[in-house]
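Here is what each chain is made of, one letter per residue.
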Amino acid sequence: MDGTQWIIFILIVQIIHFLGTWKLYVKAGRKAWETAIPIYNGIVLMKIINRPWWWVLLLFLPIINLLMFPVVWVETIRSFGKNKLLDTWLAILTLGFYIYYINYAEDVSYIEDRSLKPRTGLGEWVSSIVFAIVAATFVHTYFIQPYVIPTGSLERTLRIGDFLFVSKFHYGARLPMTTLAAPMVHDTLPVLKKRSYIADVNPETYKTSWKNKLQLPYLRLPGFNTIKKNDIVVFSLPSDTLYQFFKAEKAVKKPIDKKSNYVKRCVGTPGDSLSVIDGFVHINGEKLKLSDRAKVMYDYTIYSQKGVSSKLLSEVDASDYLRKYITAGVNQNQYNALAPYLLGAQQTPDGKIELITQEKGIPTEVIRQLRLSLTEEKPRSRIANLTDEMVEQLRKNQSVDSVVKTNEGKGVYGGAYPQKPNIHPWNVDNFGPIYIPKAGATVTLTPETIPLYKKIIRDYENNEVEVKGQKMYINGTESSSYTFKQDYYWMMGDNRDHSEDSRTWGYVPADHIVGKPVFLWMSFDNFDEGLANWRPRWERIFTTVGGSGEPVSYLIYFLIALGGWFVFDFFRKKRKKNAE
C-alpha cells in the first residue's frame, strides 16, 4: 500500500469503530460524535476502559498493535459487565465484532469504577504474560534485538556461537513493513517450522497478491549514527535464498523485513569507488585501513621440508585445513562409527585407506574404542585459514620454510558479482573497480555498466529493465543514464576466503539495514556440535563489539554488582521487617 491507500484504510477502520461503539460511548457518559474523531476517539476509549492514554500509541505501532487490539476489545466488553470466559473468546475470535452485538442487541450498563485486577489466578497469569510479550516485542522491534552468529564469515572478529545484542536505534529503527506477522520471531515459527508472516509474491512474475497489499511502505526512525567504513552491520540479505533459515532454495521472494538477517563488515559507503586487489580492499585508490579489532583471515599455504603437522597448525589456532589419516583397512562397522567425522575416504595406490577430516580430526577416544591403527599424514605443504598474528607466529617457527598467501589471479573469473565473465572476469581476490551508488547520483548506462546496476534498478528500486543489443530501456523508455533513489553499501566478511558477501550478490540497499551489534553477552565454542558440547568462551562474555584495543570482559564487574544488589536487598528487607 502507498500512503494514500493507508489513509483510506485507516478511515475505513474508523468508520467500523464508530458504527460498532457509538452507543457504548453514550452509555459511558460520552458524546456519540467523539467516536468518529480519529486518535481522539482512542484517547476517549482509554478513559472509558480506565487505561492510560498512551495505549493509543501502541495501537499504531506495527506488530505491537496485533497484540494490543485483542486486549482493548476484551477491556471494552469488560467495562460493560461482560466478564465471562465465553465473552472474552467471542471478542477475540470475532476480531472485535462481538462488540457490535453488545452495542446494538444487549442492554448493558457502564461500570465506571470496575476493578482492573484479574478475578482469578489464571487471569492474572495470562494478563502478566500478555503485557510481558508486548513489552518484549516493543524492545525487540524498535530498540535491541538478540542475535546469534551462526556462520564463520566474520571469524575471528565475531565467532560462531557469539550471542549479540543488536542496536536498532544507532542507525534508526526500521519500522516493520509486514503488518501481519508473529511477534518476536523472524521469518520462521519455532518448532512448527512454518512461515511466521502473511504475505505472498508470485515467484515467476514478482507481482504481489492481495496478501501483500497490507505491506507498509519503508520508514525508518531517526538514528544518531550513520554507517561508516569498518562498522559491523546487521542487514536483510538482498538476494535471499532461504525460505526458512538454513533451508536454501533456488530463489525466494520475501518482504524486505522478513529476509534473512546477515552480519558483515561495511567496507564501502555511498559514493565510494571500491576494488579488491590481491584480496585487500581499496577505497578510492587507497588500501582500506581496518580497525584494530578486525581479525581478518585469508587462506595461506604453509611450506616445510620437515612436514607441516596438524599440531603445528593447532598451536596457532588455524582453521579450515584438512587432516588425512592412513590405515591398513576398516570394516563396515568401523567406517559407520567414523562417518560423522569424515569428509571423505579413498583407497591409496598401495591398497591402504585414506580418511579425510576437517581440522578437529578423529577423537582419540573414538580411535581407541574402534581399535584402529591410524597414521596421520604430515605433508610438506598445507593450506590453512590464518589471521596476521597466526602468520607471524608460523614464520617465526624454525621448522616452517615459508607462508604464502593464496590468491586467484587477476582476470580469472571466479563466480563474482555481477556474474558476467565476458564483461567482468572478477573473483573474490581481484575485483572491480566499481562505484557504490549514492542517493541522487547519476550513472551512465552502457553494456559494460548495466550488469552492475540492473539488479538495483529492477529489484531494489522497482523498475522494469530491458536490454536490446546496445540499448537499455527503463520502464519502456530508452535510457542512457540512471539516478539512484537510495544509498547503497558494500559488505564483506572478515573471513575473506570463506565468506559469501557483496562480492557474490552485490550491493546492500539502505532500506535493508537492520542495526549495529554493540554487545556480546554470551559465547560458546563448539556451538554447531550440539548443546552437550557447548563450552563457554569466558574471555568473550560481556564484551563490547565496537571500540579499539583488545576486548575486555565486564562479566566480573556485572557479577560483583549483582551480588552487591542481593546483599543490599537482603539487609533492606531485614531492616523493614525489624521496623514492623
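Described in the following lines is the structure provided in the data block. (Residues numbered from 1 in each chain as written. Predicted model: local features only at pLDDT ≥ 70, side-chain atom pairs only at ≥ 80, totals over all residues. Heavy atoms only, no water.)

**Observations regarding the sheet that holds strand β20 (residues 471–474)**
Turning to step 1, where the next piece is worked out: Ordered by their spatial adjacency, three strands build an open sheet running β19-β20-β21, and the pairing between neighbours is antiparallel. Where the open sheet ends on each side, the last strands, each with one partner, are β19 (465–468) and β21 (477–478).
Turning to step 2, where the next piece is worked out: Two strands pair when backbone bridges link them, and β19 and β20 are joined in this way by four bridges, in the antiparallel orientation. Each residue of the ladder has a partner; that of Glu466, found in β20, is Tyr473.
Turning to step 3, where the next piece is worked out: Helix α12 (residues 450–460) contacts β19 and β20 of the sheet and is inclined by roughly 150 degrees relative to β19. (Pairing = 2+ DSSP bridges. Helix = DSSP H or I, 4+ residues; strand = E, 2+ residues; numbered from the N terminus. Contact = heavy atoms within 4.5 Å. Axes fitted to C-alpha atoms, helices over the stretch in contact; angles between N-to-C directions.)

**Observations regarding a nonpolar patch on the surface**
Turning to step 1, where the next piece is worked out: Residues Val552, Tyr554, Ile556, Tyr557, Phe558, Leu559, Ile560, Leu562, Trp565, Phe566 and Phe568 make up a contiguous nonpolar surface patch of about 1100 Å² in total accessible area.
Turning to step 2, where the next piece is worked out: What makes Phe566 exposed here is its relative accessible area of 51%. (Patch = residues over 30% accessible without salt bridge, like charges linked within 9 Å, V, L, I, M, F, W, Y side chains within 5 Å. Areas by Shrake-Rupley, 256 points an atom, 1.4 Å probe, with all protein chains shown as cover. Salt bridge = Lys/Arg side-chain N within 4 Å of Asp/Glu carboxyl O. Buried < 20%, exposed > 50% of the residue type's maximum accessible area, 1.4 Å probe, protein only.)

**Describing unusual backbone geometry**
Most peptide bonds adopt trans geometry, and most residues besides glycine take a negative phi value.
Turning to step 1, where the next piece is worked out: Cis geometry marks the peptide bond from Glu155 to Arg156; its omega dihedral reads 0 degrees.
Turning to step 2, where the next piece is worked out: In this structure, Arg156 sits in the loop between β1 (144–148) and β2 (162–167).
Turning to step 3, where the next piece is worked out: Tyr417 connects to Pro418 through a cis peptide bond whose omega is 5 degrees.
Turning to step 4, where the next piece is worked out: Note on placement: Pro418 falls in the loop between β16 (402–405) and β17 (431–435).
Turning to step 5, where the next piece is worked out: Positive phi, normally seen in glycine, also occurs at Asn50, with a value near 65 degrees.
Turning to step 6, where the next piece is worked out: Looking at the element boundaries, Asn50 is found in the loop between α2 (40–48) and α3 (55–58).

**So, the packing of helix α4 (residues 64–78) against helix α6 (residues 98–105)**
Turning to step 1, where the next piece is worked out: Two numbers describe how α4 lies on α6: the axes approach to 10 Å, and their chain directions differ by 20 degrees. With respect to their mutual orientation, α4 and α6 come out roughly parallel. For the pair α4 and α6, the crossing hand works out as left-handed. Of α6, the residues touching α4 (which contributes Trp73, Thr76 and Ile77) are Tyr98, Ile99 and Ile102.
Turning to step 2, where the next piece is worked out: Tallied by class, residues from the contact of α4 with α6 come to five nonpolar, one polar and no charged. (Parallel < 35°, antiparallel > 145°, perpendicular 65-115°, else oblique. Left-handed = near helix turned anticlockwise from the far one by under 90°. Nonpolar A, V, L, I, M, F, W, Y, C, P; charged D, E, K, R; others polar.)

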